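Examination of the molecular architecture
What follows is the residue order along each chain.
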Amino acid sequence: VLARRYRSTTFENIVGQDSIAKTLRNAIASERTAHAYLFSGTRGVGKTSMARIFARELNRSGSLTEDEAIGNAILRGDGLDVIEIDGASIRGVQEATDLIA
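Remember, it's a predicted structure, so these values are computed and weren't measured experimentally.

All right, on to the packing of helix α3 (residues 47–59) against helix α4 (residues 67–76) then. Interhelical geometry of α3 versus α4 gives an angle of 155° and a closest axis separation of 8 Å. Classed by the angle they form, the pair α3 and α4 counts as roughly antiparallel. As for how α3 packs across α4, the hand of that crossing is right-handed. Along its contact with α3, which presents Arg52, Ile53, Ala55, Arg56 and Asn59, the element α4 presents Asp67, Gly71, Ile74, Leu75 and Arg76. Partitioned by chemical class, the residues of the contact of α3 with α4 number four nonpolar, two polar and four charged.

Right under this line is the structure:
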């Protein structure tokens, strides 16, 4: 898919969401992040890209030698510590129960 191939990889590369990128950058810089974030909007506005960049920045430690590999895995959606939950696919009680488990 073309969108995945050219997906933004840093807050600076995000187009059209400058205020949100700045807010998330400032939260990380001041170490005042919330326990949950909800990214919503219509298709193609950058919700997944923003969430993955944010997750990568939150999981950076600088002390690990695998830091870059971990960050790239998060951006690809392969990160073991980051789980993407698609709200459109969690519609029933059983799906919610499986998610909690």
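On to the pattern of salt bridges, then. Summed over all chains, the structure comprises four salt bridges. Between Arg25 and Glu12 there is a salt bridge, with the nearest N and O atoms lying 3.6 Å from each other. One end of the pair, Arg25, is in helix α2 (residues 18–29); the other, Glu12, is in the loop between α1 (2–5) and α2, with 13 residues separating them in the sequence. The exposure class assigned to Arg25 is partly exposed, which follows from its relative accessible area of 33%. Between Arg56 and Glu57 there is a salt bridge whose closest N-O contact spans 3.4 Å. By relative accessible area, which is 6% here, Arg56 ends up buried. Each member of the salt-bridge network shares a partner with another, and the members are Arg56, Glu57 and Arg60.

Take the side chain of Arg52 next. Mapped onto the elements, Arg52 comes out in helix α3. Excluding residues that lie within four positions of it along the chain, Arg52 makes contacts with Arg7, Ile74, Leu75, Arg76, Gly77 and Glu84.

It is worth spelling out the layout of surface pockets at this point. Computed from the structure, the largest pocket encloses a volume of approximately 1400 Å³. Around the largest pocket sit 43 residues that line it, and Lys47, Thr48, Ser49, Ala51 and Glu84 are the ones nearest its centre. Counting residues per element, the ones that place at least two in the lining of the largest pocket are α1 and α3. Here the lining of the largest pocket gets nine residues from one element, more than from any other, and that element is α3. Taken together, the residues of the lining of the largest pocket sort by class into 20 nonpolar, 15 polar and eight charged.

The next subject is the confidence of the model for the protein. In low-pLDDT segments, the atomic positions of the prediction should not be examined closely. Overall, the predicted model of the protein reaches an average pLDDT of 84, with 96% of residues at or above 70. The least confident element of the protein is α1, whose mean pLDDT is 69; the most confident is α2, at 93.

Another aspect to go through is the environment of Asp78. On the secondary structure map, Asp78 appears in the loop between α4 and α5 (93–100). On the basis of relative accessibility, which here comes to 46%, the residue Asp78 falls in the partly exposed class. One polar contact links Asp78 to Arg76, side chain to side chain, over a distance of 3.1 Å.

The rules behind the values
- Residues numbered from 1 in each chain as written.
- Predicted model: local features only at pLDDT ≥ 70, side-chain atom pairs only at ≥ 80, totals over all residues.
- Heavy atoms only, no water.
- Axes fitted to C-alpha atoms, helices over the stretch in contact; angles between N-to-C directions.
- Helix = DSSP H or I, 4+ residues; strand = E, 2+ residues; numbered from the N terminus.
- Parallel < 35°, antiparallel > 145°, perpendicular 65-115°, else oblique.
- Left-handed = near helix turned anticlockwise from the far one by under 90°.
- Contact = heavy atoms within 4.5 Å.
- Nonpolar A, V, L, I, M, F, W, Y, C, P; charged D, E, K, R; others polar.
- Salt bridge = Lys/Arg side-chain N within 4 Å of Asp/Glu carboxyl O.
- Buried < 20%, exposed > 50% of the residue type's maximum accessible area, 1.4 Å probe, protein only.
- 1 Å grid on protein atoms, 1.4 Å probe; cavity = no way out; pocket = protein on both sides within 12 Å on 5 of 7 lines; lining within 4 Å.
- Points joined across faces, edges and corners; volume = space filled by probe spheres on them.
- pLDDT = per-residue confidence, 0-100.
- Polar contact = N/O pair within 3.5 Å; in protein donor to acceptor, adjacent residues only side chain to side chain.

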